[in-house]
Amino acid sequence: FAAEPSRLDNAVNSTAAYVYGIVKNPEVGSVGGEWAVIGLARSGYEVPAAYYAAYYKTVEQYVKERQGVLHEKKYTEYSRLILGLTAAGYDPRNVAGYDLTLALGDFERTIWQGINGPVWALIALDSLNYSIPANPAAKTQATRDLYIKEILHRQLADGGWNLTAGANGTIDAQERADADLTGMALQALAKYQEQPEVKAATDKALACLSQLQNPSGGYAYGSATASESTVQVLVALCELGITVDDPRFVKNGQTLVDNILSFRNADGSFNHSGSGGNNQMSTEQALYGLAAAKRAAENKNSLYRLSDAVKRGDFPSAAVGLPAKHADVQAVPVLSLGKTFDDVKNHPNQTAIEALAARGIITGVSETRFAPDAVMTRAEFAVLLTRGLGLSEKPAYTFADVPSAAWYAGYLGAASFYGITDSDVVAFNPNGAITRQEAAVMTARAAQLCGMETALDPVTIRDTLAQFGDYRTVAYRAQGPLAFCYRKGILDDAAFDIKPAAAGKRGEIAEMLYRLLAKAALL
């Protein structure tokens, strides 16, 4: 098949023409809606811009009528709509005034459906590296790491996934994988192959899928071969950069694409199984599956890597943060999805470290080690804050003990310029350890730049700090900032002592900044 690219082009074009003909006015829904829009938008088939504009108007009205609540429990509704809008060229973060990505910030509600929840949340959020907004209503604030862990937790002994396994916290050793769910899980994990656990899970799942593939090159759903199951595996391979003629996925000379095309009718439609006539759901899924294969053959972005999608209208590239933030404070985009370090696995601050490292805000002591329990210096902390707020470097003329050639000089200059550090001192002591109370002072100043109100009255400060056994040892200038950090959840108030003069550790300092950026809508 790889030697016949024209065959694939013809199949994509004829099926796109068929879908365009029967889905004249796409609605919000799993049939005649987002999957048709995604398939058409990613196929290369020429569709008038007015088609996507009409779809957006329909979505806008739908969201407005529901006041932004697409479903009380099925959060895949949000994920599917995010993908459809992004593929069509519209921003899902502002639809009739509603941010559709906000729902995916609620971890517990997103995973309520089972494996589908975290899988499609990741696919949707990663389609354009959308930040996960801080969801104030969430019992557990979602992070990409939590979604990844949820998917890995549900992997079966045979290497695959199914819809229900792991829902009650345990995995039955006798449960068997579904090809389509396994394909979807791999689509979600595709961007995180740098993480050793993800890579190992992926390899195990690919071996499982190779074993499940039938002699005709396809997959069964239940007792019958189903074109949709084969499509999900095909999309997974394309997202992972695995070619359709990979020997693991060729049976009796038949590739996944060959098998999918065996369900195709002369008019471009597709059947669900070997008989029974055309099926609209099967046709729409076949379209986007074949479009994924075509894009892979042409070395284009994969189906769900939508940075190359045409933008139609106002589409800001980053979160705007809080309304009162300083104009120079910017959200830092994800630059390296899946970035991690060998020594942060199962560490209490792993999520924060990986989130900041993915954005280049924080770095390790080497490519593979972060040293989360090592002490952080004052210069390192100033660098962390200025990078985290997206601030540009400034000349470091303020401090006598900061050489202009030092790697951190420009960041310290920025910290001084924006008032994060004291401006009335001669020396900064850049190589000294940052104490917990010093970190709180600088963090509170950074929070002001982010548009947060940090001032607290004396009674609130006293009542907040008095719960700790050593609160009387806190320096006067740090009392307000520490109280602010505890009240906002930037610092965890579960500990017995504040330990204000103790040196801050790299992991716990990363946690402080991570929580600050989440509260400031900059993640």
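In this text, all values refer to a predicted model and were calculated from it rather than measured experimentally. (Residues numbered from 1 in each chain as written. Predicted model: local features only at pLDDT ≥ 70, side-chain atom pairs only at ≥ 80, totals over all residues. Heavy atoms only, no water.)

1. As for the overall build of the protein chain
At step 1: Assigned secondary structure in the protein chain consists of 19 helices and 2 strands.
At step 2: In terms of overall size, the protein chain behaves like a compact globule, its C-alpha atoms giving a radius of gyration of 26 Å where 523 residues would be expected to give roughly 24 Å.
At step 3: Dimensions of the protein chain, computed from the C-alpha atoms along their principal axes, are close to 80 × 50 × 45 Å.
At step 4: By residue count, 56% of the 523 residues in the protein chain fall in the buried class.
At step 5: For the protein chain, the computed accessible surface area is about 21800 Å², with 50% contributed by carbon and sulfur atoms.
At step 6: Here the protein chain contributes 48 positive and 55 negative side-chain charges, whose respective centroids are spaced 2 Å apart. (Helix = DSSP H or I, 4+ residues; strand = E, 2+ residues; numbered from the N terminus. Rg over C-alpha atoms; globule rule 2.2 N^0.38 Å. Buried < 20%, exposed > 50% of the residue type's maximum accessible area, 1.4 Å probe, protein only. Areas by Shrake-Rupley, 256 points an atom, 1.4 Å probe, with all protein chains shown as cover. Lys, Arg positive; Asp, Glu negative; His and termini not counted. Charge placed at Lys NZ, Arg CZ, Asp CG, Glu CD.)

2. A short note on the environment of L356
At step 1: Counting through the fold element by element, L356 comes out in helix 13 (residues 350-358).
At step 2: With 238 residues separating them in the primary sequence, L356 and P118 have C-alpha atoms 21 Å apart.
At step 3: With residues up to four places along the chain from it excluded, the contact list for L356 reads I361, I362, A510, L513, Y514 and L517. (Contact = heavy atoms within 4.5 Å.)

3. Side note on the packing of aromatic side chains
At step 1: Inspection of the entire model under this criterion finds 14 aromatic pairs.
At step 2: Ring geometry for F341 against F370: centres 5.5 Å apart, planes inclined by 40 degrees, an arrangement best described as tilted. In this pair, F341 is assigned in the loop between helix 12 (280-297) and helix 13 and F370 in the loop between helix 13 and helix 14 (378-388), connecting sequence segments 29 residues apart.
At step 3: Using a relative accessible area of 0% as the deciding quantity, one classes F370 as buried.
At step 4: Over the aromatic face of F428 sits the side chain of R378, whose NZ or CZ is 4.3 Å from the ring centroid. (Phe/Tyr/Trp six-rings, centres within 6.5 Å; stacked < 30°, edge-to-face > 60°. Lys NZ or Arg CZ within 6 Å of the ring centre and 35° of its normal.)

4. Structural notes on helix 8 (residues 179-189)
At step 1: Where burial is concerned, most of helix 8 is hidden: 11 out of the 11 residues are buried.
At step 2: Taken residue by residue, helix 8 has A179, D180, L181, T182, G183, M184, A185, L186, Q187, A188 and L189 as its buried positions.
At step 3: Check the buried side of helix 8 and you find it contacts helix 6 (116-126), helix 7 (144-153), helix 9 (196-212), strand 1 (220-221) and helix 10 (227-240).

5. With respect to the packing of helix 10 against helix 12
At step 1: Running from N to C, helix 10 and helix 12 point in directions that differ by 25 degrees, and their axes come no closer than 9 Å. Between helix 10 and helix 12, the crossing angle belongs to the class labelled roughly parallel. Regarding helix 10 and helix 12, the two cross each other, and that crossing is left-handed. In this structure, helix 10 contributes S227, E228, V231, Q232, L234, V235 and C238 to the contact, and helix 12 contributes M281, S282, Q285, A286, Y288, G289, L290, A292, A293 and A296.
At step 2: In terms of residue class, the contact of helix 10 with helix 12 is built from 11 nonpolar, 5 polar and 1 charged. (Axes fitted to C-alpha atoms, helices over the stretch in contact; angles between N-to-C directions. Parallel < 35°, antiparallel > 145°, perpendicular 65-115°, else oblique. Left-handed = near helix turned anticlockwise from the far one by under 90°. Nonpolar A, V, L, I, M, F, W, Y, C, P; charged D, E, K, R; others polar.)

6. A look at the side chain of T110
At step 1: Mapped onto the fold, T110 is located in helix 5 (residues 107-110).
At step 2: Polar side-chain contacts of T110 include one of 3.1 Å to the side chain of Y147.
At step 3: If we ignore the near neighbours within four places in the chain, the residues touching T110 are Y75, A103, L104, G117, P118, A121 and Y147. (Polar contact = N/O pair within 3.5 Å; in protein donor to acceptor, adjacent residues only side chain to side chain.)

7. Details of the state of the cysteines
At step 1: Taken as a whole, this structure holds 0 disulfides when the rule is applied.
At step 2: We note that C208 lacks a disulfide partner, and the nearest cysteine sulfur, in C238, lies 19 Å from it.
At step 3: Not engaged in a disulfide, the cysteine C485 finds its nearest cysteine sulfur in C450; these two sulfurs lie 12 Å apart.
At step 4: When its relative accessible area of 0% is taken as the criterion, C485 is described as buried. (Disulfide = S-S within 2.5 Å.)

8. Re the pattern of salt bridges
At step 1: Under the criterion given, the structure shown has 23 salt bridges.
At step 2: Where R66 meets E65, a salt bridge forms, and the shortest distance between an N and an O atom there is 3.6 Å.
At step 3: In this structure E65 comes out as exposed when scored by relative accessible area, which is 54%.
At step 4: Taking the shortest distance from any N to any O, the salt bridge between R144 and D126 comes out at 2.7 Å. (Salt bridge = Lys/Arg side-chain N within 4 Å of Asp/Glu carboxyl O.)

9. Side note on unusual backbone geometry
At step 1: Here the phi dihedral of Q67 falls at roughly 50 degrees; this positive angle occurs in a residue that is not glycine.
At step 2: With phi around 55 degrees, A521 is a residue other than glycine that occupies positive phi space.
At step 3: Its location among the elements puts A521 in the segment after helix 19 (506-519).
At step 4: Under the relative-accessibility criterion, A521 is labelled partly exposed at 30%.

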